[in-house]
Amino acid sequence: MTDALINVNGSNVQALDIMLLMTVVTLLPSLVVMMTSFTRYVMVFSFLRTAMGTQQNPPNMVLVGMAMILTLFSMTPTLDSIKNDAFDPYTSGDITQEEFFERAQVPLKEYMLNQTEIPSMEMYCNIAGEPVPQSQDEARQLPMRVIMPAYVTTELKTAFTIGFLLYIPFLLIDIIVSSTLMSMGMVMLPPSMISTPFKILLFIMLDGWPLLFETLVSGIRY
């Protein structure tokens, strides 16, 4: 079965290669979420929208699109390394498929390790029964099943930390508006109707989107 050959455009391609390609394509959305900065970006945007109280604005499609663009921008050095060190030699026939996957993992591991906190790495090493790395070189030898969950855990913590910091100024506006309405006896008027325009005005005056994008991208360590 695994030795069967299929003729595609005049060239022989192993059936196993086709099955592997289909598997990678199927898992690609999950890999993008688990191995790139996409998770951090989309969660921060979601926190910002909730803190501003703008309901569905920006819509989910816009938030995901912005997260994808920033992910592509921040992951370009890693993708270039994979292309130069693994993809190009594989397409030219200089290395085997096994060597391709080994080389492709190196830039990804380097990127994820640079973002991962040591406590998260130690926790998953202990769970998986792997020795805790004492240096960066030893950390690169860890399997992906340890590095990936440690990286995602750190990304979630980072996204929640940024979300908390984003909430503070908008929460202060809510408190001020609520206190003002109560002092005026307008307890039946929803504070969100009054505070939302002030939140949007504050965000515009601070040039919020460029400031947020710059902060997120500059927070990626290479």
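A. Focus on unusual backbone geometry. Geometrically, the link from Asn57 to Pro58 is a cis peptide bond, its omega value of -5° lying close to zero. Counting through the fold element by element, Pro58 comes out in the loop between α2 (38-52) and α3 (60-91). In this model, Asp207 sits at a positive phi of 55°, which is unusual for a non-glycine residue. Tracing the backbone through its elements, the reader meets Asp207 in the loop between α8 (191-205) and α9 (208-218).

B. Fine view of the side chain of Thr78. Locating Thr78 in the fold gives a position in helix α3. With residues near it in sequence (within four places) discarded, Thr78 still touches Pro107, Leu108 and Tyr111.

C. Region of interest: the packing of aromatic side chains. A full pass over the atoms with the stated rule returns 8 aromatic pairs. Between the aromatic rings of Phe45 and Phe213, the centroid separation amounts to 5.8 Å while the plane-to-plane angle is 75°, which identifies the pairing as edge-to-face. With Phe45 in helix α2 and Phe213 in helix α9, the pair connects residues that are 168 residues apart, well separated along the chain. Looking at Phe45, the relative accessible area reads 1%, which means it is buried.

How each quantity is defined
Residues numbered from 1 in each chain as written. Predicted model: local features only at pLDDT ≥ 70, side-chain atom pairs only at ≥ 80, totals over all residues. Heavy atoms only, no water. Helix = DSSP H or I, 4+ residues; strand = E, 2+ residues; numbered from the N terminus. Contact = heavy atoms within 4.5 Å. Phe/Tyr/Trp six-rings, centres within 6.5 Å; stacked < 30°, edge-to-face > 60°. Buried < 20%, exposed > 50% of the residue type's maximum accessible area, 1.4 Å probe, protein only.

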